[in-house]
Amino acid sequence: MTIRKPTRRNIPDPSKVDIERVINAGSPPPQTDKQDDSTKEVRFQMVIPNEMCKLIDDARRLTKTSRRAWLLQAAQEKLEREGKL
Amino acid sequence: MIIVVGGIKGGAGKSTAAANLASRRVADGYEVLLIDGDDQETTTLWAATRNDNNPSGSEKLTCIQLRGRAARDEVLKLAPLYQDIIIDVGGRDTTTQRAALTIANIVLLPIPPRGPDIWTLEKVAALLEDVRTVNPELKAWAFLNRADASGRDNEEAMTIIQETPGIELIPARLGDRKSFPNAHTQGLAVTELKPRDQKAVQELEVLYQYCFSTKIVPKRNNKSTK
């Protein structure tokens, strides 16, 4: 009895044209190069100690601002003091 | 191995599944490239949070963004540098998803057992049929994501998936558990979350083992859930 090793089906490599056709049938990514980056925002998460958060909350109540606005103003003031803004 | 976590419906849990699989693979000592191909950049944000909160867990995990046909061309160049590549694509039929699928070994389809998600299966099948003209070896594995703890929706969804040509329903499933989004927002995998959600960890483990064939999935996991 002969035991033959199964051979893989001879599948030709897909042509570049076929690959292009398949890819281009999808919707393209949004154009970002024309956007104005001057007002672009950076988003990130921030974890702060509970005690510091309480101090911030106490401080911002005086000015009736949100946490975000208070922290942003604090950062701006620090950068101004250091002459970087 | 190149795995695309795909589908054409947003909010199905692609980014969460991709991040969890990548983290779990890294935990086994593999060098993994995680590619964010989604305009929403959820995976990029997850990776940035991970770098901040869990730098040691990011050592063998590299995350980059690729869009459009770069999801094929650049991945082909990067593939020799990594043991595994996991690509998270957006929830639409985009050039990014198609480009990634032309070179993928597996497309993993997270399917919540909800009408709007199930209704996209026909379109996904058509997309895969088109892609297989240039990548005939592509495996398409669907699994229930955010599966219900009770009710009949799971079974109905499974039946529809099984009836969809070109898509195989795999025995893994992830339940609708808060620990998945909780871990994700902290840049973690569910296996790294404290306190530990043992059921979620087990579910991810079954999916992970199935995808990477490192162990045969226990038979009990083949059972459909209630």
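Look a little higher up for the structure.
The sections below set out a description of the structure shown in this document. (Residues numbered from 1 in each chain as written. Chains lettered and ligands numbered in written order. Predicted model: local features only at pLDDT ≥ 70, side-chain atom pairs only at ≥ 80, totals over all residues. Heavy atoms only, no water.)

## Side note on the environment of B:D197
Residues and elements named next belong to chain B.
Here's step 1: When you line up the elements, D197 lands in the loop between α8 (179-185) and α9 (198-212).
Here's step 2: Considering only alpha carbons, one finds D197 and R177, 20 residues apart in sequence, at a separation of 8.8 Å.
Here's step 3: Not counting the four nearest positions on each side in its chain, D197 is found in contact with R177 and S179.
Here's step 4: A distance of 3.2 Å separates a polar atom in the side chain of D197 from the backbone nitrogen of K199. (Helix = DSSP H or I, 4+ residues; strand = E, 2+ residues; numbered from the N terminus. Contact = heavy atoms within 4.5 Å. Polar contact = N/O pair within 3.5 Å; in protein donor to acceptor, adjacent residues only side chain to side chain.)

## Examining the environment of B:G13
All names here are of chain B.
Here's step 1: Structurally, G13 can be placed in the loop between β1 (2-5) and α1 (14-27).
Here's step 2: A relative accessible area of 10% places G13 in the buried class.
Here's step 3: Along the backbone, G13 and F180 are 167 residues apart, and their C-alpha atoms lie at a distance of 9.5 Å.
Here's step 4: Not counting residues within four places of it along the chain, the set of residues in contact with G13 comprises P110, N145 and R146. (Buried < 20%, exposed > 50% of the residue type's maximum accessible area, 1.4 Å probe, protein only.)

## Some points on the state of the cysteines
Here's step 1: A full pass over the atoms with the stated rule returns 0 disulfides over all chains.
Here's step 2: In this structure B:C63 is not part of a disulfide, and its nearest cysteine sulfur, from B:C211, lies 18 Å away. (Disulfide = S-S within 2.5 Å.)

## Some thoughts on the nonpolar core
All names here are of chain B.
Here's step 1: With 40 residues, the main nonpolar core has I87, L128 and I167 as its most contacted residues.
Here's step 2: A total of 5 residues in this core trace back to one element, the largest contributor, which is helix α6 (residues 121-131).
Here's step 3: Apart from residues no more than four positions distant in its own chain, L128 is found in contact with L101, V107, L109, L138, A140, G166 and I167.
Here's step 4: By size, the runner-up hydrophobic cluster in this structure holds 31 residues, among which are L174, A200, L204 and F212. (Core = buried A, V, L, I, M, F, W, Y, C linked by side-chain atoms within 4.5 Å.)

## Quick look at the packing of aromatic side chains
Residues and elements named next belong to chain B.
Here's step 1: Considering all chains together, one arrives at 2 aromatic pairs over all chains under this definition.
Here's step 2: An angle of 75° between the planes, with centres 4.9 Å apart, marks the rings of W141 and Y210 as edge-to-face. Linking W141 in strand β6 (residues 139-147) with Y210 in helix α9, this pair joins segments that are 69 residues apart in sequence. Y210 shares its class with W141; the two are buried.
Here's step 3: Just above the ring of Y30 sits the side chain of R25; from NZ or CZ to the centre is 3.5 Å. (Phe/Tyr/Trp six-rings, centres within 6.5 Å; stacked < 30°, edge-to-face > 60°. Lys NZ or Arg CZ within 6 Å of the ring centre and 35° of its normal.)

## Topic: the pattern of salt bridges
Here's step 1: Enumeration over the complete set of coordinates arrives at 21 salt bridges over all chains.
Here's step 2: The salt bridge partner of A:K54 is A:E51, with a shortest N-O separation of 3.7 Å. Pair noted here: A:K54 and A:E51 are both in helix α2 (residues 50-63), with a separation of 3 residues, about one helical turn.
Here's step 3: For B:D28, the salt bridge goes to B:R24, with nearest N and O atoms at 3.0 Å.
Here's step 4: Look at the salt bridges and you will find they share partners, linking A:R21, B:D93, B:R98 and B:D130 into a network. (Salt bridge = Lys/Arg side-chain N within 4 Å of Asp/Glu carboxyl O.)

## A look at empty space enclosed by the protein
All names here are of chain B.
Here's step 1: Using the criterion set out here, one finds 1 cavity of 30 Å³ or more in the structure.
Here's step 2: Lining the largest cavity we find 13 residues, and of these G7, I8, K9, P110 and I111 sit closest to its centre.
Here's step 3: Among the elements that make up the lining of the largest cavity, the one with the highest residue count is strand β5 (residues 106-111) (3 residues).
Here's step 4: Per-class residue counts for the lining of the largest cavity are 7 nonpolar, 3 polar and 3 charged. (1 Å grid on protein atoms, 1.4 Å probe; cavity = no way out; pocket = protein on both sides within 12 Å on 5 of 7 lines; lining within 4 Å. Points joined across faces, edges and corners; volume = space filled by probe spheres on them. Nonpolar A, V, L, I, M, F, W, Y, C, P; charged D, E, K, R; others polar.)

## Examining a nonpolar patch on the surface
Residues and elements named next belong to chain A.
Here's step 1: On the surface, a nonpolar cluster with roughly 380 Å² of combined accessible area is contributed by V42, F44 and M46.
Here's step 2: Among the structural elements, V42 can be located in the loop between α1 (16-24) and α2.
Here's step 3: Judged by relative accessible area, which is 73%, V42 ranks as exposed. (Patch = residues over 30% accessible without salt bridge, like charges linked within 9 Å, V, L, I, M, F, W, Y side chains within 5 Å. Areas by Shrake-Rupley, 256 points an atom, 1.4 Å probe, with all protein chains shown as cover.)

## Details of the pairing of β1(B)
Residues and elements named next belong to chain B.
Here's step 1: Burial along β1 is two-sided: I2 and V4 and I3 and V5, pointing in opposite directions, are all buried.
Here's step 2: Bridging between β1 and strand β4 (residues 84-89) involves 4 bridges; their strand directions are parallel. Pairing of V4 across the sheet is with I87, part of β4.
Here's step 3: The pairing of β1 with β5 spans 3 bridges and is classified as parallel. Its bridge partner being in β5, I3 is matched across the sheet by I106. (Pairing = 2+ DSSP bridges.)

## Details of unusual backbone geometry
Residue and element names in this part refer to chain B.
Here's step 1: Look at the link from K194 to P195: it is a cis peptide, with omega at -5°.
Here's step 2: Mapped onto the secondary structure, P195 falls in the loop between α8 and α9.
Here's step 3: Backbone geometry places E41, a non-glycine residue, at a positive phi of 60°.
Here's step 4: Structurally, the position occupied by E41 is in the loop between β2 (32-37) and α2 (42-53).
Here's step 5: Non-glycine residue R146 carries a positive phi angle of around 50°.
Here's step 6: Mapped onto the elements of the fold, R146 is located in strand β6.

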